[in-house]
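# Working through the structure, step by step
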Amino acid sequence: IKELDTERVTLVQCDFENVESCKAALKGADGVFLTTDYYEGAGADPYIEEGHAINVIDACEDSSSVKHLVFSTLENVEEMNRKMDLGLPEQEDEHGRMGVIPELDAKAR
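## A closer look at the layout of surface pockets
When its volume is computed, the largest pocket comes out at roughly 900 Å³. Taken together, 25 residues line the largest pocket, and the ones lying closest to its centre are T10, V12, G31, V32 and F33. Elements represented by at least two residues in the lining of the largest pocket include exactly helix 1 (19-25), strand 1 (31-34) and strand 2 (68-71). Here the element with the most residues in the lining of the largest pocket is strand 1; it accounts for four residues.

## Focus: the pairing of strand 2
Both strand 1 and strand 2 contribute to a ladder of four bridges, which runs parallel. For F33, the partnering residue across the bridge sits in strand 2 and is V70. With respect to chirality, the unit in which strand 1 leads through helix 2 (residues 46-62) into the neighbouring parallel strand 2 is right-handed.

## Topic: the pattern of salt bridges
Counted by the stated rule, this structure contains five salt bridges. One salt bridge connects K23 with E20, and the closest N-O pair in it is separated by 3.5 Å. Taken as a pair, K23 and E20 lie in helix 1 at a separation of three residues, close to a single helical turn. Relative accessible area serves as the criterion here: at 24%, K23 is assigned to the partly exposed category. In the salt-bridge network here, residues are joined through shared partners; they are E20, K23 and D62.

## Section: unusual backbone geometry
Most of the time, phi is negative for any residue but glycine, and the peptide bond is trans. Positive phi, close to 50 degrees, is recorded for D85, a residue that is not glycine. Mapped onto the fold, D85 is located in the loop between helix 3 (77-83) and strand 3 (91-92). Given a relative accessible area of 66%, D85 falls into the exposed group.

## Section: the nonpolar core
Core analysis: the biggest nonpolar cluster contains 10 residues, these being C22, L26, A29, V32, L34, A53, V56, A59, C60 and V66. Those elements that place two or more of their residues in this core are strand 1 and helix 2. The element that contributes the greatest number of residues to this core is helix 2, accounting for four residues. Excluding its chain neighbours within four sequence positions, the residues that come into contact with C60 are L26, V32, V66 and L69.

What counts, and where the lines are drawn
Residues numbered from 1 in each chain as written. Predicted model: local features only at pLDDT ≥ 70, side-chain atom pairs only at ≥ 80, totals over all residues. Heavy atoms only, no water. 1 Å grid on protein atoms, 1.4 Å probe; cavity = no way out; pocket = protein on both sides within 12 Å on 5 of 7 lines; lining within 4 Å. Points joined across faces, edges and corners; volume = space filled by probe spheres on them. Helix = DSSP H or I, 4+ residues; strand = E, 2+ residues; numbered from the N terminus. Pairing = 2+ DSSP bridges. Right-handed = clockwise from strand over helix to strand, strands pointing away. Salt bridge = Lys/Arg side-chain N within 4 Å of Asp/Glu carboxyl O. Buried < 20%, exposed > 50% of the residue type's maximum accessible area, 1.4 Å probe, protein only. Core = buried A, V, L, I, M, F, W, Y, C linked by side-chain atoms within 4.5 Å. Contact = heavy atoms within 4.5 Å.

In structure tokens form, the structure reads like this:
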């Protein structure tokens, strides 16, 4: 992303577990591109992944400079399966959670 516009794009890091770290990373930012990492960043726990997204979104809402947030996520596969009659079977993940694609559940919430 930075290579697209080296003059205006700045990559920053923050601790997704800490909303204050997220707020500090956003100081002076005009826009934010958010994506979460189910496997590495959240330890394969959809509730942790969801919490990470919430912390960044809350930090954006609290910011006086952020005007744009792009959140790269997915559609609700469970709902699509039900409404479009896709016939995808439920499966169990390594933590015993059931779903069509359990590791994507938090992306749709």
